[in-house]
Amino acid sequence: MQKSIFSLSIALLALVQISWAQSYVVSGIEKTDKEGMQYEVLGKLGKNYWIYKKNGSISTIAQYNDQMQLVKQNDLTFLPAQVQQIEFVKRAEKLFAFYQFQNNKTVYAALATLNADGQLQGDPIVLDTAQNIRPGSRAKIFNLIESDDHQKILLFSVNTSNPASIKIKTSSYNTNFEEIADAAISINSANKKSLLSDFALDNKGNLYCLRNTTQNNAAPAVSLIYLSEGGKEVVETPVLNTQFLLDDIRLKIDNNQNRVVLNSFYAISKKGNIEGLFTYIWDANAKTEVLLSANRFTDANRALVTNKRNLKTALDTYYIDKVNTQANGDFVLMAESAETYSNRSAFSRWDYFWGGAFYNPFLFNYWNRPFGFYPWARFGWGGFGGWGWGYGFGWGGFWNPYASFGYPSVTYTANQIALLSFNQKGDLQWVKTIDKSQSDMNVDQFIGYGSFENNNGVNIIYYQKQKGQRQFVINTLSASGALSKGESINLQEKRFDWMPKALKQVGENECIIPYQYNNKIGFAKIQLK
């Protein structure tokens, strides 16, 4: 394929970068790529880096070499014209494409297998169907999640047409998408104002989720639901809490200890200041709670995460982004300070719907959301819903969440990153902070940070622009808790808008970060030491 002059200049610039200890190389933007293109970085298969692209009705797998030069593009002609959702499961020599589409009142969940050359292997197969779905609703009916060790895959759907009896249908698969078991489960509730969230799959194939129940004149009641593989055992355990107001509970499976860890910042009064961290731990062997604690932050803790004089409000802008569990049961929580301001007023954390300052429920992968209050990608996948909910917002582009409220503009800010270590009893061990300051108008995808793990620890990367210098700043948190700042990567491009939140790890020391240039999307590969 012929490159534009812009693409050729980028390729030449890339050759200069490869001699650096920590370097990056940039792809060109293809002529076939349009504004508003949806994409997903799939990772490395064979010698090439694979990226899924959707331009209008055309879906493509693009393959790039080590210098991020396009070497091959395969159109996915087997996909129906109106695909409601597509997700990918990558293996060493093949790629599974799971997608759903609607025909009249039936929604189909289908699976296609692509070989190492990106070609369709065999014919797509239908895994499941859902009937009596309103035509044109574009509702996301089927949800796919994978265990941390990539050995278990679960396809499930949630029928909420009768809120008093929520029905979950599951199909379990092994790593090669061969079916192991299926189940149909009803979860009954006397209160019709309940919903399920935060679905996660452990390495044994067991499914976990939270049930959130609205209560009059009280904080929502939360319970943890355990569904064994095949549905033979269902256990619901209330997360007893009569004292604290929890905000955006995050569920993390600790496969090393066979436990489930729930974390949430908490307040003690309605719309009050964040006082500390609420932790709940459930043992999957005993099927019971083993820890419920509330760790209140001291002024000394608060002073480590803010430059404000008023320490009472130090944690009010922080939102849990990620939880990393350790082999001994300890865990490290990553949180970022983020706020939004309109040209008329500021918003507090209690003004947001289900999450943080940048959280958009209509563009978020609700069932299997990654840790973080950002949407997965402003150009990427989204939409959530279940039978009877009527949601189905599909893929999105740039979006101002407060436009419907009449606000002409919104300023997004993403500042310090706090790293907090807790032992397995929920006690705070140490606090470390990465200082940064970022802001943007009306969009948030160009601020924030991305992270990935390797033998060095957790690598945290964000984009910084100051005094005419553009850099990727890299910090690494080692397994022992040491925080070090690595060599920054100087960026030569002046008109690129980088999207570090959409960072995707593609190797032990490699990741790909998208960028925007002239409203179109390109990609850069970063190589760390």
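Details of the structure are given in the entry above.
Student: Would you mind going over the overall build of the chain in detail, with residue names and values included?
Tutor: Tallying secondary structure elements over the chain gives 2 helices and 35 strands in all. In the chain, which comprises 529 residues, the share counted as buried stands at 58%. Considering only intrachain contacts with a sequence separation of at least 6, the fraction spanning at least 24 residues in the chain is 50%. Working note: accessible area of the chain is about 22,200 Å², and carbon and sulfur atoms make up 47% of it.

Student: Which residues make up unusual backbone geometry, and what values go with them?
Tutor: Its identity is not glycine, yet His 150 carries a phi of approximately 65°, on the positive side. Mapping His 150 onto the fold places it in the loop between strand E10 (142-146) and strand E11 (152-159). A relative accessible area of 42% places His 150 in the partly exposed class. Unusually for a residue other than glycine, Asn 258 sits at a positive phi of about 55°. According to the relative accessible area criterion, Asn 258 is buried, its value standing at 14%.

Student: Any chance you could break down the packing of aromatic side chains for me, citing the residues and the numbers?
Tutor: Under the defined criterion, the tally for this structure stands at 22 aromatic pairs. Centre to centre, the rings of Phe 472 and Trp 498 are 5.0 Å apart; their planes meet at 75°, and the pair counts as edge-to-face. Note that Phe 472 is positioned in strand E29 (residues 469-477) and Trp 498 in strand E32 (residues 497-498), a separation of 26 residues in sequence. Centre to centre, the rings of Phe 496 and Tyr 515 are 4.1 Å apart; their planes meet at 5°, and the pair counts as stacked. Of this pair, Phe 496 sits in the loop between strand E31 (489-490) and E32 while Tyr 515 is found in strand E34 (residues 510-517), placing the two residues 19 residues apart along the sequence. Residue Phe 496 shares its accessibility class with Tyr 515, and that shared class is buried. Sitting over the ring of Trp 430, Lys 432 keeps its end group 4.9 Å from the ring centre.

Student: An account of the pattern of salt bridges is needed here, citing residue identities and associated values.
Tutor: Scanning the model with the defined rule gives 15 salt bridges in all. Linking Asp 66 and Lys 44 is a salt bridge whose minimum nitrogen-to-oxygen distance equals 4.0 Å. Placement of the pair is Asp 66 in the loop between strand E4 (58-64) and strand E5 (70-75) and Lys 44 in strand E2 (residues 38-45), with a sequence separation of 22 residues. Take Lys 44: its relative accessible area is 29%, and that puts it in the partly exposed class. Residue Asp 117 pairs with Lys 72 through a salt bridge whose shortest N-O separation is 4.0 Å. Of this pair, Asp 117 sits in the loop between strand E8 (106-114) and strand E9 (125-130) while Lys 72 sits in strand E5, and the two are 45 residues apart along the sequence. Asp 117 gets classed as partly exposed once you look at its relative accessible area, which sits at 43%. Lys 72 gets classed as partly exposed once you look at its relative accessible area, which sits at 30%.

Student: Which residues make up the side chain of Glu 87, and what values do they have?
Tutor: Tracing the backbone shows Glu 87 in strand E6 (residues 83-90). The buried charged residue Glu 87 lacks any salt bridge partner; its closest oppositely charged side chain belongs to Lys 140, at an N-O distance of 4.1 Å. In this view, Glu 87 contacts Phe 96, Ala 97, Phe 98, Lys 140 and Leu 144; residues no more than four positions away in its chain are not counted.

Student: So what about the environment of Phe 472? Which residues, and what values?
Tutor: Residue Phe 472 is classed as buried on the basis of its relative accessible area of 0%. Residues within four places of Phe 472 in sequence aside, it is in contact with Ile 461, Tyr 462, Tyr 463, Ser 488, Ile 489, Leu 491, Trp 498, Ile 513 and Ile 526.

Student: Run through the environment of Gln 471, naming residues and quoting values.
Tutor: With respect to the secondary-structure elements, Gln 471 resides in strand E29. A sequence separation of 20 residues divides Gln 471 from Leu 491, and the C-alpha atoms of the two residues are 5.4 Å apart. The residues touching Gln 471, leaving out its near neighbours within four places in the chain, are Tyr 462, Tyr 463, Gln 464, Ser 488, Ile 489, Asn 490 and Leu 491. Within polar-contact distance, the side chain of Gln 471 engages the side chain of Asn 490 at 2.9 Å.

Student: How would you sum up the sheet that holds E4? Please name residues and give values.
Tutor: Within the open sheet, the 4 strands sit side by side as E2-E3-E4-E5. Their pairing is antiparallel. Two strands close off the open sheet at either side, each with one partner strand: E2 and E5. Strand after strand, the sheet turns through a mean of 20° between neighbouring axes, direction not considered.

Student: Pulling in residues and values, what's your account of the sheet that holds E10?
Tutor: In spatial order, the strands read E10-E11-E12-E13; together these 4 strands make up an open sheet with antiparallel pairing. In this open sheet, the two strands that pair with only one neighbour each are E10 and strand E13 (179-188). Each neighbouring strand pair of the sheet contributes to a mean axis angle of 20°, computed without reference to strand direction. Strand direction decides the pairing type here: E10 and E11, joined by 5 bridges, are antiparallel.

Student: Hey, could you go over the pairing of strand E7 (residues 95-103) for me, with residue numbers and the actual values?
Tutor: Among the 9 residues that make up E7, 8 are buried, leaving the element largely enclosed by the rest of the structure. Note that E6 and E7 share 7 bridges and pair antiparallel. The residue bridging Phe 88 from the neighbouring strand is Ala 97, located in E7. Counting the residues in the hairpin turn of E6 and E7 gives 4 residues. Across 9 bridges, the pairing between E7 and E8 is antiparallel. If you follow Ala 97 over to E8, its bridge partner there is Ala 112. A loop of 2 residues connects E7 with E8, the two strands running antiparallel in sequence, and Asn 104 in this loop sits at a positive phi of about 60°.

About the cut-offs
- Residues numbered from 1 in each chain as written.
- Predicted model: local features only at pLDDT ≥ 70, side-chain atom pairs only at ≥ 80, totals over all residues.
- Heavy atoms only, no water.
- Helix = DSSP H or I, 4+ residues; strand = E, 2+ residues; numbered from the N terminus.
- Buried < 20%, exposed > 50% of the residue type's maximum accessible area, 1.4 Å probe, protein only.
- Contact = heavy atoms within 4.5 Å.
- Areas by Shrake-Rupley, 256 points an atom, 1.4 Å probe, with all protein chains shown as cover.
- Phe/Tyr/Trp six-rings, centres within 6.5 Å; stacked < 30°, edge-to-face > 60°.
- Lys NZ or Arg CZ within 6 Å of the ring centre and 35° of its normal.
- Salt bridge = Lys/Arg side-chain N within 4 Å of Asp/Glu carboxyl O.
- Lys, Arg positive; Asp, Glu negative; His and termini not counted.
- Polar contact = N/O pair within 3.5 Å; in protein donor to acceptor, adjacent residues only side chain to side chain.
- Pairing = 2+ DSSP bridges.
- Axes fitted to C-alpha atoms, helices over the stretch in contact; angles between N-to-C directions.

Function cannot be inferred from these measures alone, as they are strictly geometric.
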